[in-house]
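One-letter residues, chain by chain:
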Amino acid sequence: MQRTITSSAIRRKAIFSKDFILVAIGQVISIFGNQILRYALPLYLLNQTGSAALFGTILAVSFIPMIVLFPVGGIIADRVNKRNIMVILDFCTAILIFLFYLLAGRLDIVPLMAVTMIILYGIQGAYQPAVKASVPVLVETDHIMKANSVVDMINSIASMAGPVIGGLLFSVFGLVPILYVSIGCFLGSAAMEIFIRIPFEKRESTGNIFVTGFADLKESFSFMFKKKPVLWKAALIFASTNLLLTSLILIGLPVIITQRLGFAPDTASRLYGYAQGVIAAGAILGGLLAGMFSNKLNSAASPVLLIGCSLSVIISGASLQVLNAPMGIYIILLTGGGLLLTLHTLFQIQMMTYLQLLTPKHLIGKVISCFMCLVMCTSPLGQFIYGIVFEHIGRDIYLPFYAAGLTMTGITIFTRKVFCGAGGLTEQNA
């Protein structure tokens, strides 16, 4: 018996246990397939219609089911084996893209694209809580930040490779090969995830599924707003970064690179793919830094990270106002975007670690999903607004960068005390 207990303890303490590695690799494959789709489908729509407003609107509408399904995914993650959730949803995504392939060219591309993106993002909304909730189950408390940084870094590698490879495939062969590759990724990820073993204890349900779900949501939001109010405050600050900064990059970069800098269409598609790769490389660097400095990265660093994010956006705006050479603007936009993702990834990992440390394990899936629901609810609004702004702003395309950077700087200064509260609470729970 003693040998069995010791073996189990060793398995849980090792970050790079078999099950943790399988979760991470499954994420690499699945997110790679997801990223080449998120790159290619909207860009295909932008090239077909030429409308930044339609581009932003489709992305904004697509995000809504993802936000709605995050709490649902959290409830399911706490009541169903997380491994089964990952397997089923990866298979469903492969079927979705195969149906898109069959219907493309037979139906109007705009509604078909909208429905496909909505379902794709909705599946991710239900999928991600299962992944996030698996981390504290598979590793010890002392290793949670390192484990989060490993998962985020590996995911960022897939996010970097996806747009780069997607850009090359899209510019040379068009959309169809990307659909083939993504279907293979989702099927491969689902097949591999079958072999993951995640500890699971089935909970008793009271009442029907709707009563149970409502009770779970109420319990989660009550925990965030009453027992640990620092969590909803941190979530709103995090949400501000999505509204002001990441939505700006998500909408602004493809519009500026493909429509405003004067590059030929094929060249612009490749350059946008490279830009996505550089930005993902910034996220990889952020994950590496989080892993390296996991024992030193405290709450006092959060305002500094957010101000750095704001400055990277302001610098990008300055290049659009001052420079005339398209390639020079492109390089600075890439540098600013990469720096933004580096600092934002550090901030994101830090916030997720605080959340996991502050939350009891029986609530972790639901609370993560509710937290992320609050964080992400501003993304569709930001994308919709920026889509309209870039459609009508004319030559002054630098103004949104200045406005977003300065506003986020003000929010950071005004709310800096929140992070001191988060740091104190995690030290008490350690």
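Residues numbered from 1 in each chain as written. Predicted model: local features only at pLDDT ≥ 70, side-chain atom pairs only at ≥ 80, totals over all residues. Heavy atoms only, no water.

Student: Can you tell me about the overall build of the protein, naming the residues and giving the values?
Tutor: Tallying secondary structure elements over the protein gives 16 helices and zero strands in all. When the 430 residues of the protein are sorted by exposure, 57% land in the buried category. Excluding contacts between residues fewer than 6 apart, the proportion of contacts in the protein whose partners are at least 24 apart in sequence is 88%. For the protein, the exposed surface amounts to about 18000 Å²; the carbon and sulfur share of it is 69%. (Helix = DSSP H or I, 4+ residues; strand = E, 2+ residues; numbered from the N terminus. Buried < 20%, exposed > 50% of the residue type's maximum accessible area, 1.4 Å probe, protein only. Contact = heavy atoms within 4.5 Å. Areas by Shrake-Rupley, 256 points an atom, 1.4 Å probe, with all protein chains shown as cover.)

Student: Could you give me a rundown of the packing of aromatic side chains, with the residues and numbers involved?
Tutor: Under the definition given, this model contains eight aromatic pairs. Ring centres of Tyr 101 and Tyr 180 lie 5.5 Å apart, and the angle between their planes is 55°; this geometry places the pair in the tilted category. Taken together, the residues Tyr 101 in helix 4 (residues 82-103) and Tyr 180 in helix 7 (residues 176-193) connect sequence positions 79 residues apart. On the accessibility criterion, Tyr 180 (47% relative accessible area) is partly exposed. With 5.3 Å between their ring centres and 75° between their planes, Phe 238 and Phe 347 make a pair best called edge-to-face. (Phe/Tyr/Trp six-rings, centres within 6.5 Å; stacked < 30°, edge-to-face > 60°.)

Student: A description of the packing of helix 10 (residues 265-292) against helix 12 (residues 326-358) should follow, citing residues and the corresponding values.
Tutor: The interhelical angle for the contact between helix 10 and helix 12, taken along N-to-C directions, is 35°, at an axis separation of 7 Å. Of the two elements, helix 10 crosses helix 12, and the hand of that crossing is right-handed. Here helix 10 contributes Leu 271, Tyr 274, Ala 275, Val 278, Ile 279, Gly 282, Ala 283, Leu 285, Gly 286, Gly 287, Leu 289 and Ala 290 to the contact with helix 12, which in turn contributes Met 327, Tyr 330, Leu 334, Gly 337, Gly 338, Leu 341, Thr 342, Thr 345, Leu 346 and Ile 349. Looking at the contact of helix 10 with helix 12, its residues break down into 15 nonpolar, seven polar and no charged. (Axes fitted to C-alpha atoms, helices over the stretch in contact; angles between N-to-C directions. Left-handed = near helix turned anticlockwise from the far one by under 90°. Nonpolar A, V, L, I, M, F, W, Y, C, P; charged D, E, K, R; others polar.)

Student: Run through the environment of Ser 182, naming residues and quoting values.
Tutor: Secondary-structure assignment places Ser 182 in helix 7. A relative accessible area of 0% places Ser 182 in the buried class. Separated by 85 residues in the primary sequence, Ser 182 and Ile 97 place their C-alpha atoms 7.8 Å from one another. Not counting the four nearest positions on each side in its chain, Ser 182 is found in contact with Gly 33, Ile 36, Leu 37 and Ile 97.

Student: Break down the packing of helix 2 (residues 18-49) against helix 5 (residues 109-138) for me, with residues and values.
Tutor: Across the interface, helix 2 lies against helix 5 with an axial gap of 11 Å and an inter-helix angle of 160°. In this view, helix 2 runs roughly antiparallel relative to helix 5, as classed from their interaxial angle. For the pair helix 2 and helix 5, the crossing hand works out as left-handed. (Parallel < 35°, antiparallel > 145°, perpendicular 65-115°, else oblique.)

Student: An account of helix 13 (residues 364-376) is needed here, citing residue identities and associated values.
Tutor: With 13 residues, helix 13 ought to run about 18 Å at 1.5 Å a step, and its terminal C-alpha atoms sit 18 Å apart, in line with that. Counting buried positions along helix 13 gives 13 out of 13 residues, so the element sits mostly inside the fold. (Expected span 1.5 Å × (residues − 1).)

Student: Describe the side chain of Glu 193, with residues and values.
Tutor: Within the element layout of this structure, Glu 193 appears in helix 7. For the buried Glu 193, which has no salt bridge, the nearest side chain bearing the opposite charge is Arg 83, at an N-O separation of 8.6 Å. Filtering out sequence-adjacent residues up to four positions away, Glu 193 remains in contact with Gly 26, Arg 83, Met 86, Val 87, Asp 90 and Tyr 127. (Lys, Arg positive; Asp, Glu negative; His and termini not counted. Salt bridge = Lys/Arg side-chain N within 4 Å of Asp/Glu carboxyl O.)

Student: Give a description of the confidence of the model for the protein that names residues and reports values.
Tutor: Low pLDDT means the predicted atomic positions in that stretch should not be read closely. Here the protein averages 81 in pLDDT, while 87% of its residues score no lower than 70. For the protein, the element scoring lowest by mean pLDDT is helix 1 (residues 2-13), at 42; helix 15 (residues 399-414) scores highest, at 96. A low-confidence stretch, residues 424-430 stays under pLDDT 50, and its non-local contacts, those more than four residues away or across chains, total nine contacts. (pLDDT = per-residue confidence, 0-100.)

Student: Which residues make up a nonpolar patch on the surface, and what values do they have?
Tutor: Taken together, the side chains of Ile 95, Phe 98, Leu 99, Tyr 101, Leu 102, Leu 103, Leu 107, Val 176 and Tyr 180 make up a nonpolar region of the molecular surface, amounting to roughly 790 Å² of accessible area. For the nonpolar patch, the elements supplying multiple residues, two or more each, are helix 4 and helix 7. If one sorts the elements of the nonpolar patch by residue count, helix 4 sits on top with six residues. Considering the arrangement of structural elements, one finds Leu 102 in helix 4. (Patch = residues over 30% accessible without salt bridge, like charges linked within 9 Å, V, L, I, M, F, W, Y side chains within 5 Å.)

Student: Residues and numbers for the environment of Cys 92, please.
Tutor: Counting through the fold element by element, Cys 92 comes out in helix 4. Assessed through its relative accessible area of 35%, Cys 92 is described here as partly exposed.

Student: Describe the environment of Ile 413, naming the residues involved and giving the relevant values.
Tutor: If you trace the backbone, Ile 413 turns up in helix 15. On a C-alpha basis, the gap between Ile 413 and Pro 303 in space is 7.3 Å, while along the polypeptide they are 110 residues apart.

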